[in-house]
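These are the residues of each chain, in order.
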Amino acid sequence: MDSKSDIIFKNMVYESFLENRSKQLVLLIDPDKQTDDSLRSIATNAQECGVHSIFVGGSLVTSSTRNAIQIIKEHFHRPVILFPGNANQVCEGPDAILFLSLISGRNAEFLIGNHVLAAPIIKNLHIETIPTGYILIDCGGATSVEYMSNTRPIPYNKPDIAAATALAGEMLGLKALYLEGGSGANTFVNPEIISRVKKVCSIPLIVGGGIRTPETLRQVYENGADIAVIGTIIEKQPTLLSEMMAVVNDFR
Ligand code: 1GP
């Protein structure tokens, strides 16, 4: 039996990002938008549909993330990954944590400040970290993440800046990149940005924000996303999840 530190050393959740480099679908759950009952039904639906992982978090979370993770894990048996808006959201229970550096911004608190606060806690809790370059793209409308992080997103029509930012992140040793339009964004990340980033970087590429239809999801994958994240639309239409998974399966 592996000890907890062996599991961290082996980076098991990160390996699951790499092992299936076809396409993966992640469901984002914001604990503040759910009740215990709705968490049970969302997690059960995600398990049945074959969703690869669940991210838990948000820019501002006031309810118990730990409780949400515990309930989700009772019904969903693949990786449950903390996607924290800040160091305060770090808690016991997730299989891994996206250790996010907001590299599109110039706010030191989200480049290193929160990390210093969180690192000793994460170490004590024996949680695997996935160092991830988080890149905000302006997809219309002011998003919570932009406001809460006090950073400006990269303009929608500036693929050169996005690609250079992503490349710098990979050169700094980050192990995944996350192109983020922001939860509930007006539109999804510019496909040209996705394809330019994919061209210059080799680490797993996560894309999320504003993906609301199977057609959009297909476009995100065709342009180079390895992992797509959907949240808002599934809160509104849970039954759409199986249609989204059908798109993922087309790439297998
Ligand atoms: C936000 O990328 C996620 O971090 C999901 O966005 O809620 O718009 O699907 P949506």
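The text that follows walks through the structure, step by step, so that each part is easy to find.

What counts and what doesn't
Residues numbered from 1 in each chain as written. Predicted model: local features only at pLDDT ≥ 70, side-chain atom pairs only at ≥ 80, totals over all residues. Heavy atoms only, no water. Helix = DSSP H or I, 4+ residues; strand = E, 2+ residues; numbered from the N terminus. Rg over C-alpha atoms; globule rule 2.2 N^0.38 Å. Buried < 20%, exposed > 50% of the residue type's maximum accessible area, 1.4 Å probe, protein only. Contact = heavy atoms within 4.5 Å. Areas by Shrake-Rupley, 256 points an atom, 1.4 Å probe, with all protein chains shown as cover. Core = buried A, V, L, I, M, F, W, Y, C linked by side-chain atoms within 4.5 Å.

Some words on the overall build of the chain
Logical step 1: For the chain, the count of helices and strands is 11 helices and eight strands.
Logical step 2: The globule rule puts the C-alpha radius of gyration for 252 residues at 18 Å, and the 17 Å found for the chain is close to it.
Logical step 3: Principal-axis analysis of the C-alpha atoms gives the chain an extent of 45 × 40 × 35 Å.
Logical step 4: Going through the 252 residues of the chain one by one, you find that 52% of them count as buried.
Logical step 5: Sequence separation of 24 or more characterises 74% of the internal contacts of the chain that already satisfy a separation of 6 or more.
Logical step 6: For the chain, the exposed area adds up to about 11400 Å²; of that, 53% sits on carbon and sulfur atoms.

Digging into the nonpolar core
Logical step 1: Ranked by size, the top nonpolar core spans 60 residues in total, and within it L25 and L179 carry the most contacts.
Logical step 2: Element by element, the count of residues in this core is highest for helix α11 (residues 240-250), at six residues.
Logical step 3: With residues up to four places along the chain from it excluded, the contact list for L179 reads I135, I137, V189, I193, I194, V197, L205, I206, V207 and G208.
Logical step 4: If you look at the next biggest cluster of nonpolar residues, it comprises 22 residues, including L28, L100, L136 and V229.

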